[in-house]
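Structural characterization, general
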Amino acid sequence: ALYCGGHVLLNDIPGTGKTTLARTLAGALDADFHRIQFTPDLLPTDLIGVSIPEPKTGAFTFRKGAVFTQILLADEINRATPKTQSALLEAMQERHVTAGGETRPLPRPFLVLATQNPLEQEGTYPLPEAQLDRFMLKAQVGMPPAEELAAIIERTTGDSPPQAQAVTDTDEVRSMIELTRAVPVPSHVVRYAAELVTATHPGVGTPDLVTQYVRAGSSPRGAQALILAAKATALMDGRPSVSIDDVSAVARPALRHRLA
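Treat the numbers as computed from the prediction; the structure is a model and nothing was measured.

Relative to each other, helix H6 (residues 170–182) and helix H9 (residues 220–236) sit at 110°, their axes nearing to 9 Å. Comparing their axes, H9 and H6 come out roughly perpendicular. Contact with H6, carried on its side by Leu-179, Thr-180 and Arg-181, involves Leu-228, Lys-231, Ala-232 and Leu-235 of H9 and no other residues of that element. In the contact of H6 with H9, the residues fall into four nonpolar, one polar and two charged.

Let us look at the nonpolar core. Membership of the largest hydrophobic core comes to 28 residues, with the highest contact counts inside it found for Phe-38, Leu-47, Val-67 and Leu-88. Looking at this core, the elements with two or more residues in it are helix H2 (44–48), strand S5 (71–75), helix H3 (82–94), strand S6 (96–99) and strand S8 (111–116). Ranked by residue count, the leading element in this core is H3, at five residues. Each residue touching Val-67, except ones within four places of it in the same chain, is listed here: Leu-47, Ile-48, Leu-72, Leu-88, Val-97, Leu-106, Pro-107 and Phe-110. One finds Met-136, Val-183, Val-189 and Ala-251 within the second-largest nonpolar core, a separate group that totals 22 residues.

Time to look at the packing of helix H7 (residues 187–198) against H9. It is at 9 Å that the axes of H7 and H9 come closest, and there the two elements cross at 140°. Between H7 and H9, the angle falls in the class oblique. Considering how the two elements wind past one another, H7 and H9 form a crossing that is right-handed. Side by side, H7 and H9 meet where Val-189, Val-190, Ala-193, Leu-196 and Val-197 of the first sit next to Gly-222, Ala-223, Leu-226 and Ile-227 of the second. Residues of the contact of H7 with H9, tallied by class, amount to eight nonpolar, one polar and no charged.

Right, let's talk about the packing of aromatic side chains for a bit. Each aromatic ring pair is characterised by the separation of its centres together with the angle its planes make. Here the structure, examined in full by the defined rule, presents one aromatic pair. With a centroid separation of 6.0 Å and an interplanar angle of 70°, the aromatic rings of Phe-62 and Phe-68 are classed as edge-to-face. One Lys or Arg, Arg-104, reaches over the ring of Phe-62 and ends 3.8 Å from the middle of that ring.

Right, let's talk about the pairing of strand S1 (residues 8–11) for a bit. Side chains of S1 alternate between two faces, with Val-8 and Leu-10 and Leu-9 and Asn-11 buried alike. Of the pairings in the sheet, the one linking S1 to S8 comprises four bridges and is parallel in character. Bridge pairing links Val-8 to Leu-113 in S8. Judged from the four bridges that link them, S1 and strand S9 (residues 137–140) form a sheet pairing that is parallel. Paired with Val-8 across the bridge in S9 is Leu-137.

Let us look at H7. Over its 12 residues, H7 extends 16 Å from the first C-alpha to the last, a length consistent with the 16 Å expected when each residue adds 1.5 Å. Regarding H7, the residues found buried are Val-189, Ala-193 and Val-197. For H7, the arc enclosing every buried residue in end-on projection is 75°, short of the 170-degree limit, so these residues lie on one face. Away from its buried face, by an angle of more than 90 degrees, H7 presents the exposed residues Ser-187, Arg-191 and Thr-198. Those residues of H7 that are buried are in contact with H9 and helix H10 (244–255).

On to the sheet that holds S5, then. If you walk across this open sheet you meet the five strands as S2-S5-S8-S1-S9, and the pairing is parallel. The sheet is open, and its two edges are formed by strand S2 (33–37) and S9, each paired on a single side. Going from strand to strand, the sheet's axes swing by 20° on average, the running direction of each strand aside.

To continue, consider the side chain of Thr-84. Examined against the element boundaries, Thr-84 turns out to sit in helix H3. When sequence neighbours within four positions are dropped, the list of residues in contact with Thr-84 reads Phe-38, Leu-42, Leu-43, Pro-44 and Leu-47.

Cut-off values and rules
Residues numbered from 1 in each chain as written. Predicted model: local features only at pLDDT ≥ 70, side-chain atom pairs only at ≥ 80, totals over all residues. Heavy atoms only, no water. Axes fitted to C-alpha atoms, helices over the stretch in contact; angles between N-to-C directions. Helix = DSSP H or I, 4+ residues; strand = E, 2+ residues; numbered from the N terminus. Parallel < 35°, antiparallel > 145°, perpendicular 65-115°, else oblique. Contact = heavy atoms within 4.5 Å. Nonpolar A, V, L, I, M, F, W, Y, C, P; charged D, E, K, R; others polar. Core = buried A, V, L, I, M, F, W, Y, C linked by side-chain atoms within 4.5 Å. Buried < 20%, exposed > 50% of the residue type's maximum accessible area, 1.4 Å probe, protein only. Left-handed = near helix turned anticlockwise from the far one by under 90°. Phe/Tyr/Trp six-rings, centres within 6.5 Å; stacked < 30°, edge-to-face > 60°. Lys NZ or Arg CZ within 6 Å of the ring centre and 35° of its normal. Pairing = 2+ DSSP bridges. Expected span 1.5 Å × (residues − 1). Arc of directions from axis to C-beta.

Just geometry here; none of it tells us what the structure is for.
Below is the structure:
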């Protein structure tokens, strides 16, 4: 998602390392990082910023909100009201903020990692399908196996927890994003992605299981996510062109939140 210029919805119970993931990624990229806890009383201005008058001059000064960063962790996004959720999703889509009569661009790269707890539903405002669609990928974090959990315990319960060291910088990440966009995709792979997304819609010619259990299929944005994520997958595997296997590999995170 980082290489594609997209955003990720992280779905799992508390304590599975979502905050650590975001902070570690920012450290490895030497990127700016903000974490904001979404609560019912969080306001859109807390996210995008607000213009404040100076007492002496009367001139307005814009105080930037949490979205003016490169890696943003939006913790428990479904606890904020729909109005606040919409303010974040607009910034994710447009890559800029309009406040005080001015349009202000957000930093590049700009990656939002939003988390939601799938178990605790009381006091939450679930994201509607149209807003879920703004996330390029949805990742199910999951519990690590016992061997990995033992390694996590050993690394994080000592007297000196490990710190991520920068292995690149945001200038190089911007170059990676441009390179990902330039990866060629054969026409038959594009056709495969299009047919896969079309098959998620109930109707004539779709699988019986889809007709029986699916109310609404993926949007065209899901097909774009498939191809972009497949491009990044091919590059990460050292290949200069996308294959059908790359599309299949990213199908679940790209489409699972786009089906009703």
